Amino acid sequence: MHRSPLSGQQEVSCFGGEDTGDIWIVDVFNSKSNAWIQGASIRLQHKDTKQYLHSHRHTFGNPIPGQQEITCFPNKEDSQNIWVAEEGIY
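The model shown is predicted, which means the values in this text are computed figures rather than measured ones. (Residues numbered from 1 in each chain as written. Predicted model: local features only at pLDDT ≥ 70, side-chain atom pairs only at ≥ 80, totals over all residues. Heavy atoms only, no water.)

(A) Main features of unusual backbone geometry. Although it is not a glycine, Lys-50 adopts a positive phi angle of roughly 65°. Inspection of the secondary structure puts Lys-50 in the loop between strand E3 (41–46) and strand E4 (52–59). (Helix = DSSP H or I, 4+ residues; strand = E, 2+ residues; numbered from the N terminus.)

Okay, structure coming up:
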């Protein structure tokens, strides 16, 4: 429940722990199957806050120049909430 440093949206972090803050719901859409398969578009919804994992053009300077800020965003239909697995082991 913290603001991200660049855009002021909900901050996202990866933190090992025994709480529900690390639980994400996979929302598969535009697919003939409800399974998450290669090339299928998904959204990742944070269970506790109901917001969606979001990528945008805000990039960091120092100490990690060029790295994008990843946040959560409440608008489900935003195009920057869409993720696709192109490679991997299925």
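(B) Region of interest: the pattern of salt bridges. One pass over the structure, following the stated rule, counts three salt bridges. Asp-27 serves as the salt-bridge partner of Lys-76, at 3.7 Å between the closest nitrogen and oxygen. Here Lys-76, found in the loop between strand E5 (68–73) and strand E6 (83–84), pairs with Asp-27, found in strand E2 (residues 24–29); they are 49 residues apart in sequence, far enough to count as distant. What makes Lys-76 partly exposed here is its relative accessible area of 33%. (Salt bridge = Lys/Arg side-chain N within 4 Å of Asp/Glu carboxyl O. Buried < 20%, exposed > 50% of the residue type's maximum accessible area, 1.4 Å probe, protein only.)

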